[in-house]
Amino acid sequence: MSLLITGGTGYIGSHTVVELQALANEQDIVIVDDLSNSSTKVLDRIEKITAKTVTFIKADICDYEAMNEVFSLHSIDAVIHFAGHKAVGESSEKPLSYYYNNVSGTVILLKVMAAHNVKKLVFSSSATVYGDNTSPLNETMPTSATNPYGQTKLMIEHILFDLAKSDSDWSIACLRYFNPIGAHESGFIGENPNGIPNNLLPYVAQVAVGRLAQLQVFGDDYDTVDGTGVRDYIHVVDLAQGHVKALQNLDKISGCKAINLGTGNGTSVLEIVNTFKEISGQNIPYKIVPRRAGDLATVYADANLAHELLDWQATRDLHAMISDTWRWQSENPQGF
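Remember, predicted model here, so these are calculated numbers, not experimental data.

**As for empty space enclosed by the protein**
What the rule picks out here adds up to 2 cavities of 30 Å³ or more. Taken together, Tyr-11, Ile-181, Gly-182, Ala-183, Glu-191, Leu-201, Pro-202, Ala-205, Thr-325, Trp-328 and Gln-329 make up the full set of residues lining the largest cavity. Sorting the residues of the lining of the largest cavity by element identifies helix 7 (200–208) and helix 11 (318–331) as the ones contributing at least two each. For the lining of the largest cavity, the per-class residue count stands at 7 nonpolar, 3 polar and 1 charged. The space that makes up the second largest cavity amounts to roughly 40 Å³. Surrounding the second largest cavity, His-81, Phe-82, Ala-83, Gly-84, Asn-102, Thr-106, Phe-123, Thr-152, Lys-153 and Ile-156 form its lining. Elements supplying a minimum of two residues to the lining of the second largest cavity: helix 5 (95–115) and helix 6 (148–166). Examining the composition of the lining of the second largest cavity, we find that 3 residues originate from one element, helix 6, more than from any other.

Next up, the structure:
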C-alpha cells in the first residue's frame, strides 16, 4: 500500500508517520508538505526513530498540477490529510488565507484523488465543529463554529459528506480530535510551532525552558474545579494510533463517518501547569487575564464510537503526556 500524508512533517502528521512505519506490513509513505509550519529536519528524526526513510515532496495542496504529478508518479492507495492552517486567532486576522488554504486546498486534493480513482481518505478535523454544545460531545450533536478556522473544518466536513453521498465508492473517516499534547517518547519529535505558540502545552513548555517569560491564563472564574478552563487532552501518539486504526478500518466505513478521538476526561489549565511544574521541577510563572471571547468552561469527548468502530481508545495518562512534552522541550529547547 502506498499512502499519501499531506502535512506529514507537522506535529500530528510526523507522529502518525512514525506509527505507520512501525506496522508489520511495509508501507510506502509519501509526504507532501509546503513547510510553512514545519521543517525537513523532521524527516531525519523520523528516520532516526524508525530506521526507515520516506519519500518527501515539497508542494502546496492548493497547486493542482503539483498534486496531480504526485499521484501520477506514485501509486497512491489512500490519503491521510493533515495539511492546513490551524491557529484560531490568526484565522480571524487572515480569514481569506484560511478559507483558501484549508477549504480550496482540500477541494483540489479531492479533485486530484477522484481523477486518479483514489477514494480512501482519513481527514484531520477538530472538536471545534461542536460549537457551544454541552460536554461530553458526541458525533450526533449539531455542529457549528465560532471562528474562521473552525468554519473551515466544518465546511470541509460538509464537502466530504456531500461527496460521499454523491459517490458510494468513497470511504472517509472524519476524525474530530480534541487537544493533542505530548511528544514521541524518544524526545526526537514533538510540537514545534513557529513564533508564539497558540496552544497551552507548547507555551507552558517554552516558559519552562526560558524562551517565554510567563503564561497567560485566560479566566479563573469558570464553573470548574479551580475556575480555569477544562479541556480533553490526548497524547499525540494515541492520536496518531487513532489515525492508523481509522486507515485500517476504512473498508468498514461506507461513505463519510465522523469519529471523535479524545480521552473522555477533562483537565483544567491550572492542573496542567501544576503537573508540569511537578514533573519538570521548573517554575511556571503565570498571570490571570480576562476570558477570551467564545471560550467554553468545559470541553471533553464522548469517545465510545472510536472504541466500537475502530477498536481504539487512548491509553496514555496526563503524567505520560507531560513527561514526554518536557523530555522533548528540554532536549530541544529551540525546537528542531
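Further notes follow.
**Quick look at the pairing of strand 6 (residues 171–177)**
Of all 7 residues that make up strand 6, 7 are buried, and the element is covered over most of its length. Here strand 6 shows two buried faces, one formed by Ser-171, Ala-173, Leu-175 and Tyr-177 and the other by Ile-172, Cys-174 and Arg-176. Strand direction decides the pairing type here: strand 5 (residues 120–126) and strand 6, joined by 7 bridges, are parallel. Within strand 6, the residue paired with Ser-125 across the bridge is Arg-176.

**Remarks on the sheet that holds strand 9 (residues 230–231)**
Sheet architecture is open: 3 strands sit in the order 12-9-14, paired in mixed fashion. For this open sheet the edge positions go to strand 12 (267–268) and strand 14 (298–299), each flanked by a neighbour on one side alone. As paired strands, strand 9 and strand 14 are joined by 2 bridges and run parallel to one another. Bridge assignment links Arg-231 to a residue of strand 14, and that residue is Val-299.

**Observations concerning the pattern of salt bridges**
This model, assessed by the stated rule, comprises 9 salt bridges. A salt bridge links Arg-291 to Asp-221, with the nearest nitrogen and oxygen atoms 2.9 Å apart. Of this pair, Arg-291 sits in the loop between strand 13 (286–289) and strand 14 while Asp-221 sits in the loop between strand 8 (215–218) and strand 9, placing them 70 residues apart in sequence. What makes Asp-221 exposed here is its relative accessible area of 52%. Asp-311 is paired through a salt bridge with Lys-245; the nearest N and O atoms lie 3.8 Å apart. In this pair, Asp-311 is assigned in the loop between helix 10 (304–310) and helix 11 and Lys-245 in helix 8 (residues 236–248), connecting sequence segments 66 residues apart. Owing to a relative accessible area of 52%, Asp-311 belongs among the exposed residues under this scheme.

What counts and how
Residues numbered from 1 in each chain as written. Predicted model: local features only at pLDDT ≥ 70, side-chain atom pairs only at ≥ 80, totals over all residues. Heavy atoms only, no water. 1 Å grid on protein atoms, 1.4 Å probe; cavity = no way out; pocket = protein on both sides within 12 Å on 5 of 7 lines; lining within 4 Å. Points joined across faces, edges and corners; volume = space filled by probe spheres on them. Helix = DSSP H or I, 4+ residues; strand = E, 2+ residues; numbered from the N terminus. Nonpolar A, V, L, I, M, F, W, Y, C, P; charged D, E, K, R; others polar. Buried < 20%, exposed > 50% of the residue type's maximum accessible area, 1.4 Å probe, protein only. Pairing = 2+ DSSP bridges. Salt bridge = Lys/Arg side-chain N within 4 Å of Asp/Glu carboxyl O.

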